[in-house]
Amino acid sequence: MHLLKHNPRCSRTALAVFALLAGQMAQAAIDLDLTSQGRPGDVPGNLPDPYYWWEAGAMFGSLVEYWYYTGDSQWNEIITQAILHQTGPSFNFMPPNQSRTLGNDDQAFWGLAAMTAAEVRFPNPPEDQPQWLALAQAVFNTQAPRWDNRTCGGGLKWQIFTFNNGYNYKNTISNGCFFNLASRLAVYTGNATYAEWAEKTWDWVVRIGLTNEAYHFFDGTDDNYNCTSLNHIQWTYNAGIFLLGAANMYHFSNRSDVWKTRLEGIIKGLDVFFPVGNIMSEVACESTGKCNVDQRSFKAYLSRWMAATVQIAPFTYDLLMPKMRASAEAAALQCSGPDNACGLRWNKNESYDGSTGVGEQMSALDIFQAHLVDYVEKRVTASSGGISQGDPNAGTGVSDEDSVGIHEKLISTADRAGAGILTGLVVAAAISAVYFMVI
């Protein structure tokens, strides 16, 4: 049952916040609409500067959820067009014009949007286009071979290509996205191989120390030092990505005590992000006013993943719902800026704080939607009403370099540093016509 049919007052709130989010993505939304009419130069699925490509994928994931919670389909054509346009020629969310901003986590956020579309029965793409489940499987199938045993006993690197900064960083969000996607694919398809990869990723994160006994998740670690030194900054989205992944593993394992204990531990560990009155805060940067563009969107993801968690692991409802309710009420107070723009610091208990953008608007939308989880049917699987067609071999048979048009033979005789420089020059030349629109 969609919210529109159940609670019109709450529906108007969600619609109003969506309108604000649409305002912040105005250029992207306008371009999407005009591109469908053939205007040259527009790129469906991109946000304007200063937003990176990954946040557009996260945003369209939020808008898929918006349809799920409200039943409002007026944006569906734009959402579908945007996601499909960014799949790239290999249909694995590796578009060549994004090679300079294409990390494992960036790719994964688009794959997670496709996974959500399958789970909530978002209308299928045309039959001659890649399907939601197959797109999620393609991301998994391209990332699994990147599991890097050369250092740190495994794990995914942050970056895919050597020429991008951060190639030697094994960050928690990249591994968390892989864990989350694998666990959800296991539940949706019933294929235990995905669950085995999720277990493997969880065990690695624990072994390296990217989470501790209190279930606090840290930012990442440098494989130049064999992952012996950690960056201990905590972000909401790192905790959230493991929260929903653990909930899915709890479900897939027939509610095992092991995963129940882990899930309860993660929820307890979330307390660090709810320091006052159960109101969510990006504690690492909000109080100092130094949240960057990316970080201003992180609360959106914890909000949306808490809502999905209470569905697939119902025992968590009483643990998470007080946090969602208090945060939604506090966020509403911040949506009082110009044209009802929403601010960042929900825990100020006062009106608009002067900070707004796609991240702030998306966070408000997602926490309102999370608060409305009681009004929708549960997400589906292939055996419980799913309508999305999968392809277990999606994303295979093509290298990362070929996916984005980079040919390794050009750098085969150089050392790693030289290869990175040369490849960077080749890529820069190949995408120079659109580079200014991307970065």
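In the block above lies the structure referred to throughout.
These numbers come from a predicted model, not from an experiment.

## Some points on the side chain of D148
One can find D148 in the loop between α7 (132–143) and β1 (169–171). In this structure the side chain of D148 is engaged in a polar contact, spanning 2.8 Å, whose partner is the side chain of R150. Side-chain polar atoms of D148 contact the side chain of T151, separated by 3.4 Å. In contact with D148, not counting residues within four places along its chain, are G154, G155, K157, K170 and D223.

## Quick look at the packing of aromatic side chains
Counted by the stated rule, this structure contains 33 aromatic pairs. Judged by centre distance (6.1 Å) and plane angle (75 degrees), the rings of W147 and W204 are edge-to-face. You can see W147 sitting in the loop between α7 and β1 and its partner W204 sitting in helix α9 (residues 192–208), a full 57 residues away along the chain. Taken individually, W147 and W204 each receive the classification buried, so the pair is uniform in this respect. Ring geometry for Y301 against W305: centres 6.0 Å apart, planes inclined by 40 degrees, an arrangement best described as tilted. Of this pair, Y301 and W305 are both found in helix α12 (residues 298–312), four residues apart, which corresponds to roughly one turn of the helix. Judged by relative accessible area, which is 5%, W305 ranks as buried. Members of the aromatic cluster, each reached through a chain of ring pairs, are W54, F109, W235, Y237, F298, Y301 and W305. Sitting above the plane of the W259 ring, R262 keeps its charged end 4.5 Å from the centroid.

## Quick notes on unusual backbone geometry
Cis geometry marks the peptide bond from D49 to P50; its omega dihedral reads 15 degrees. Tracing the backbone through its elements, the reader meets P50 in the loop between α3 (26–35) and α4 (53–70). The backbone of F93 shows a phi angle near 60 degrees, a positive value even though the residue is not glycine. Relative to the assigned elements, F93 resides in the loop between α5 (76–85) and α6 (104–119). Its identity as a non-glycine residue notwithstanding, C227 has a phi of 60 degrees, on the positive side.

The rules behind these values
Residues numbered from 1 in each chain as written. Predicted model: local features only at pLDDT ≥ 70, side-chain atom pairs only at ≥ 80, totals over all residues. Heavy atoms only, no water. Helix = DSSP H or I, 4+ residues; strand = E, 2+ residues; numbered from the N terminus. Polar contact = N/O pair within 3.5 Å; in protein donor to acceptor, adjacent residues only side chain to side chain. Contact = heavy atoms within 4.5 Å. Phe/Tyr/Trp six-rings, centres within 6.5 Å; stacked < 30°, edge-to-face > 60°. Buried < 20%, exposed > 50% of the residue type's maximum accessible area, 1.4 Å probe, protein only. Lys NZ or Arg CZ within 6 Å of the ring centre and 35° of its normal.

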